[in-house]
Amino acid sequence: MWIVLVLLPVALAACPCPPAPASSKVCASDFQTYASRCHLACDAAPGVSAVHPGECSPLERAVSPFLYASLLAGSLRSARGSARGSTRTAAEDYEKLQQCYSKNACDTVTCSACRSDVSCHTKCQLNCYCGCDNAPGSSVDKADLVTTCLLHRACASVHASCWDACSTDDCRLSCFFDNLKCSCECNAAPALRPVALGLGVALAALARAFTAARW
């Protein structure tokens, strides 16, 4: 009986959601994928709501660290380091970015050309975030190409792994700026990437053909 009484509060505190099929996944406004709307309500931070059914796209995942960056500012503001190799500290660079994000309303910015296209609006946001880092953007109609690059370089996954492994604010700042660099490089010139990829495949095929001919 004593064991039951001890475990009961733990059971009550657990998320009551039943196992959900893959078709129940939902992308939320924090651009994280939840197993179901029930899991979203149970696990997400206050104010987070469903955006669309299914998993969040790579483009949405890329925007996520910047969308909620201001929530981390309180703990990171006091961090010191030289993650970017500049004369300013990484924390000061981070603070400057937050001011720019707020001034330009990057979290809610929209592009009229996007209409109701979620990926297009997310690409519009990424242009805003990268612009605050003085990184060039690209047209919102390049969203698919940017997504391909983000998948190829796994910017969001690398950032998540980096962040989870951190135990200091300096480390988290380094992860943040590495992800910013990765995402904005994909965002800057996506039109060149399929050409480069195709050229790489062609050169590899020629190399294999040359090797086969020698034998």
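Residues numbered from 1 in each chain as written. Predicted model: local features only at pLDDT ≥ 70, side-chain atom pairs only at ≥ 80, totals over all residues. Heavy atoms only, no water.

Engineer: Would you explain the side chain of Ser 64 in this entry?
Structural biologist: For Ser 64, the location among the structural elements is in helix α3 (residues 58-67). In this structure the side chain of Ser 64 is engaged in a polar contact, spanning 3.0 Å, whose partner is the side chain of Gln 32. Ignoring anything within four residues of it in the chain, the contact list for Ser 64 reads Asp 30, Phe 31 and Gln 32. (Helix = DSSP H or I, 4+ residues; strand = E, 2+ residues; numbered from the N terminus. Polar contact = N/O pair within 3.5 Å; in protein donor to acceptor, adjacent residues only side chain to side chain. Contact = heavy atoms within 4.5 Å.)

Engineer: What exactly am I supposed to notice about the environment of Gln 125 here?
Structural biologist: Looking at the element boundaries, Gln 125 is found in helix α6 (residues 118-132). Taking relative accessible area as the criterion, Gln 125 reaches 8% and is therefore assigned buried. Along the chain, Gln 125 and Phe 66 lie 59 residues apart, while their C-alpha atoms are 9.4 Å from each other. At 3.5 Å, the side chain of Gln 125 and the backbone oxygen of Cys 106 are in polar contact. (Buried < 20%, exposed > 50% of the residue type's maximum accessible area, 1.4 Å probe, protein only.)

Engineer: Help me out: how do you make sense of unusual backbone geometry in this one?
Structural biologist: Trans is the common state for peptide bonds, and a negative phi is the common state for residues other than glycine. In this structure, Phe 31 takes a positive phi of about 60 degrees despite not being glycine. Mapped onto the elements, Phe 31 comes out in the loop between β1 (26-28) and β2 (33-34). Residue Arg 115 is not a glycine yet carries a positive backbone phi of 55 degrees. Note on Arg 115: relative accessible area 74%, which makes it exposed.

Engineer: Mind showing me how you'd approach the confidence of the model for the chain here?
Structural biologist: Any region with low pLDDT has predicted coordinates that should not be read closely. Per-residue confidence for the chain averages 76 on the pLDDT scale, and 71% of its residues sit at or above 70. Ranking the helices and strands of the chain by mean pLDDT puts β2 first, with 92, and helix α1 (residues 2-13) last, with 43. Across residues 1-12 the pLDDT falls below 50, and counting only partners more than four positions away or on other chains, this stretch makes zero contacts in the model. Confidence over residues 191-206 falls short of pLDDT 50; this stretch has six contacts with residues more than four positions distant or in other chains. (pLDDT = per-residue confidence, 0-100.)

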